[in-house]
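Reading the structure
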Amino acid sequence: MSEKVLETEEIPVLEKMEAFTEASVFAAAEEQWEIYDAGYCNDNVVWGITPDGILIITTENSRGTMPDYSSKSAPWDIYEEYIWFVIIDGTIDNVSAKAFDDFDSLEYVYLYDGVKKIDSRAFASCDYLVEVELPDTITAIGKSAFEYCSRLTAINLPKKLTSIGEYAFSQSGLKNVTIPGGVTKIEKYAFSSCDNLTSVTVSNGVKGIGQFAFSRNDNLTSVNLANSISKIERYAFCECGKL
């Protein structure tokens, strides 16, 4: 993404903070990144962006929770067209609602071990998102979290995951899905209208599949369901012509 390197004379610079030079996310790196711009999300959560468009979110001390945002209201939105890589430190509890909704340049997301939740529409409509690294600590993926991520063809759902929200991966590019056994119920429309989806495995422990959960998947040819499933709601696999 060298063609999108930030130019200081073109973009106003917020006050930089010392917190980023000592944050734990940098301690694991081979060398510290230069921070081009930085700011607060709240009293403890801080963000910074490098000159080549890497956004890092961490805390000044202890743990922190990202606040929810309405569309295009996050403090890093002014750099939307430059941000192609997002790193969230393990001291952060969650990726907040609409934090990166409709970020067209975002390609890669790395969540450190310790992040627990991905809230509603956190990464929805990120058309160029191709890779997401989820830690084992993730327990919940919210409503529409990755909806309309058409180039996201694979994701490893952690074993500790217990909740997959409505429309979580609807109209994404996923090809194969394995639902961990800790998920009590796959909510409605969670994996609907995924044109590339060919194979679904639901692990032992899952008890329910919601309405339209896997509907309108034209290329779905293989479904392996666990014996633990006690309820499949109506239209869960409707309009899956190759089943």
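No experiment lies behind these values; they were computed from the predicted model shown. (Residues numbered from 1 in each chain as written. Predicted model: local features only at pLDDT ≥ 70, side-chain atom pairs only at ≥ 80, totals over all residues. Heavy atoms only, no water.)

**Some details on the overall build of the protein chain**
Helix and strand counts for the protein chain stand at two helices and 16 strands. Relative to its full complement of 243 residues, the protein chain shows a buried share of 52%. When contacts within the protein chain are restricted to residue pairs at least 6 apart in sequence, long-range pairs at least 24 apart make up 36% of them. About 11,100 Å² of surface is accessible on the protein chain, with carbon and sulfur atoms providing 44% of the total. (Helix = DSSP H or I, 4+ residues; strand = E, 2+ residues; numbered from the N terminus. Buried < 20%, exposed > 50% of the residue type's maximum accessible area, 1.4 Å probe, protein only. Contact = heavy atoms within 4.5 Å. Areas by Shrake-Rupley, 256 points an atom, 1.4 Å probe, with all protein chains shown as cover.)

**Structural notes on the side chain of serine 105**
Within the secondary structure, serine 105 sits in the loop between strand E5 (94-95) and strand E6 (108-111). Among the polar contacts made by the side chain of serine 105, one reaches the main-chain carbonyl oxygen of glutamate 81 at a distance of 3.0 Å. (Polar contact = N/O pair within 3.5 Å; in protein donor to acceptor, adjacent residues only side chain to side chain.)

**Side note on the nonpolar core**
Grouped together as the largest cluster of nonpolar side chains are 63 residues, with contacts concentrated most on Trp76, Phe100 and Phe146. Counting only elements with at least two residues in this core, the list comes to strand E2 (45-49), strand E3 (54-59), strand E4 (85-88), E6, strand E11 (176-179) and strand E13 (199-202). No other element matches the three residues that E2 contributes to this core. (Core = buried A, V, L, I, M, F, W, Y, C linked by side-chain atoms within 4.5 Å.)

**Things to note about the sheet that holds E11**
In space, the three strands of this open sheet follow the order E11-E13-E15, with parallel pairing throughout. Edge positions in the sheet fall to E11 and strand E15 (222-224), since each of these pairs with one other strand and no more. Along the sheet, successive strands turn relative to each other by an average axial angle of 5 degrees, direction set aside. Here three bridges tie E13 to E15, and the two strands are oriented parallel to one another. Each residue of the ladder has a partner; that of threonine 201, found in E15, is asparagine 224. (Pairing = 2+ DSSP bridges. Axes fitted to C-alpha atoms, helices over the stretch in contact; angles between N-to-C directions.)

**A look at the sheet that holds E4**
What the six strands build is an open sheet, ordered E1-E2-E3-E4-E6-E8; its pairing is mixed. Each edge of the open sheet is held by one strand with a lone partner, namely strand E1 (37-40) and strand E8 (131-133). Neighbour-to-neighbour, the strand axes of the sheet open up by a mean angle of 10 degrees, direction not taken into account. Two elements, E2 and E3, share five bridges in a ladder whose sense is antiparallel. Pairing of valine 46 across the sheet is with threonine 58, part of E3.

**Examining the side chain of asparagine 94**
With respect to the secondary-structure elements, asparagine 94 resides in strand E5. Using a relative accessible area of 4% as the deciding quantity, one classes asparagine 94 as buried. From its side chain, asparagine 94 meets the backbone nitrogen of methionine 66 in a polar contact 2.8 Å long. Within the structure, the side chain of asparagine 94 is placed 2.9 Å from the side chain of aspartate 119, a separation counted as a polar contact. Residues in contact with asparagine 94, not counting those within four places in the same chain, are Thr65, Met66, Val115, Lys117 and Asp119.

**Looking at the pairing of E2**
The element E2 is extensively covered by neighbouring structure, given that five of its five residues are classed as buried. Taking every second residue as pointing to the same face, both faces of E2 are buried, with Val45, Trp47 and Ile49 on one and Val46 and Gly48 on the other. Sheet analysis places E1 next to E2, joined by four bridges and oriented antiparallel. Bridging across to E2, alanine 38 finds its partner in glycine 48. Connecting the antiparallel pair E1 and E2 is a turn made up of four residues.

**Focus on the pattern of salt bridges**
Pairing between side chains of opposite charge can happen when their charged atoms approach one another. This model, assessed by the stated rule, comprises eight salt bridges. Residues aspartate 93 and arginine 63 are paired through a salt bridge, measuring 2.8 Å at the closest nitrogen-oxygen approach. Of this pair, aspartate 93 sits in the loop between E4 and E5 while arginine 63 sits in the loop between E3 and E4, and the two are 30 residues apart along the sequence. On the basis of relative accessible area, arginine 63 is assigned to the partly exposed category, the value being 36%. Salt bridges sharing common partners tie together Lys72, Glu80 and Asp102. (Salt bridge = Lys/Arg side-chain N within 4 Å of Asp/Glu carboxyl O.)

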